[in-house]
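# What the coordinates show
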Amino acid sequence: MTLSADHKLTLRDRFLKVDTANVADVLDELGLPDFGLSSDLWPIRQRLEKMGGWAYTIRGQMTPYPGTGDARKMEAVSGLTPGHLSVWSGGGAEGVCFFGELIARGMQYRGCVGAVVDGGIRDIEWLDRMDFPVYARYRTPVQSIGRWAVNAWQVEVYLPGATAARVRVRPDDFILADFDGAIVIPQEVVDEVLTRAEALTEKERLIRADLEAGATLPDVLAKYGHV
């Protein structure tokens, strides 16, 4: 699927107005039930968080190496453009951070709108000050240099799933995350999922209004059906 940059930004703005719960319900209706990400991926900031963007994948592995930096990581993040959400995959339980404040500043400068990290993150206070949302497996002060290195980017990767062991994420799939968790929307159905999720969001708004006006749950179920 090829979308213009402007259309991608418009879709992203619309996605940020719907909830992951509604997106998950729509994916179930479409026969795509296993795209929720594991609850081990959690926002690093202890407040309500909303994040959405087009997947830009970065894959790495635990490997010892000499030197003072990971040149491939720098090359990988240089490809980020506005609306991208960086997805970091590889060796998630190994105890090192995949990036911290300074590389995140470079990512944000390029228009990156957040990160999903199947691994560790550090410099939490500074990331908070930057207003840079991150969903990660864990926090750690231990750097990746000499321990973990990028080996590919903009390739298919796997992240841990909620209802399946792994969720495939491809470049330009859409990822939406809020305080309920994170979910992947395959690029082929992104328009349909968004349209249906917006309709479900409007239905819920009407139901809340009816309930606040005194309607009972049986009343709203009879009027709107199951939600």
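Treat the numbers as computed from the prediction; the structure is a model and nothing was measured.

Our next topic: the UniProt feature "binding site: substrate" (unreviewed entry) in the protein chain. As recorded in UniProt, the feature "binding site: substrate" (unreviewed entry) lies at Gly100, Glu101, Leu102, Ile103, Arg122 and Asp123. Their sequence span is 24 residues, while the largest C-alpha to C-alpha distance among them is just 11.0 Å; these annotated residues converge on one region. Within the secondary structure layout, Glu101 lies in helix α4 (residues 101–109). Aside from chain neighbours lying at most four places away, what touches Glu101 is Arg122, Asp123, Trp126, Leu127 and Met130. Take Asp123: its relative accessible area is 30%, and that puts it in the partly exposed class. What Asp123 contacts, discounting residues up to four positions off in sequence, is Gly100 and Glu101. In this structure the side chain of Asp123 is engaged in a polar contact, spanning 2.8 Å, whose partner is the backbone nitrogen of Glu101.

Next up on the list: the state of the cysteines. Applying the stated criterion to the full structure yields zero disulfides. Just so you know, Cys97 is unpaired, no disulfide at all, and the nearest cysteine sulfur is the one on Cys112, 16 Å from it. Among the residues examined, Cys112 registers a relative accessible area of 4% and is labelled buried.

Attention now goes to α4. Taken residue by residue, α4 has Glu101, Ile103, Ala104 and Met107 as its buried positions. Down the axis of α4, the smallest arc covering the buried residues is 160 degrees, so these residues share one side. Residues of α4 that are exposed and point more than 90 degrees away from the buried face comprise Leu102 and Tyr109. Buried residues in α4 make contact with α3 (71–77), β3 (84–89), β4 (97–99) and α5 (124–130). Residue Gly111 follows α4 closely and has a positive phi angle near 105 degrees.

So, about the packing of helix α1 (residues 5–15) against helix α6 (residues 190–212). With their axes 10 Å apart at the nearest point, α1 and α6 run at an angle of 30 degrees to one another. Seen along the crossing, α1 lies across α6 with a hand that is left-handed. Two secondary-structure elements touch here, α1 through His7, Leu11, Arg14 and Phe15 and α6 through Val190, Asp191, Leu194, Thr195 and Glu198. When grouped by side-chain class, the residues that make up the contact of α1 with α6 number four nonpolar, two polar and three charged.

Let us look at the pairing of strand β5 (residues 115–121). For β5, a buried count of seven out of seven residues is recorded, marking the element as mostly surrounded by other parts of the structure. Strand direction decides the pairing type here: β4 and β5, joined by two bridges, are parallel. Counted as the bridge partner of Cys97 is Gly120 from β5. This β-α-β element, β5 to α5 to strand β6 (residues 134–139), shows right-handed connectivity.

In the contact formed by α6 and helix α7 (residues 217–224), the axes pass within 10 Å of each other and the chain directions differ by 145 degrees. When you trace α6 past α7, the crossing you get is right-handed. Taking contact as the criterion, the partners of Lys203, Leu206, Ile207, Asp210 and Leu211 in α6 are, on α7, Leu217, Val220, Lys223 and Tyr224. Classifying every residue of the contact of α6 with α7 gives six nonpolar, no polar and three charged.

Rules used throughout
- Residues numbered from 1 in each chain as written.
- Predicted model: local features only at pLDDT ≥ 70, side-chain atom pairs only at ≥ 80, totals over all residues.
- Heavy atoms only, no water.
- UniProt positions renumbered as here; feature names shortened; annotations may be inferred.
- Helix = DSSP H or I, 4+ residues; strand = E, 2+ residues; numbered from the N terminus.
- Contact = heavy atoms within 4.5 Å.
- Buried < 20%, exposed > 50% of the residue type's maximum accessible area, 1.4 Å probe, protein only.
- Polar contact = N/O pair within 3.5 Å; in protein donor to acceptor, adjacent residues only side chain to side chain.
- Disulfide = S-S within 2.5 Å.
- Arc of directions from axis to C-beta.
- Axes fitted to C-alpha atoms, helices over the stretch in contact; angles between N-to-C directions.
- Left-handed = near helix turned anticlockwise from the far one by under 90°.
- Nonpolar A, V, L, I, M, F, W, Y, C, P; charged D, E, K, R; others polar.
- Pairing = 2+ DSSP bridges.
- Right-handed = clockwise from strand over helix to strand, strands pointing away.

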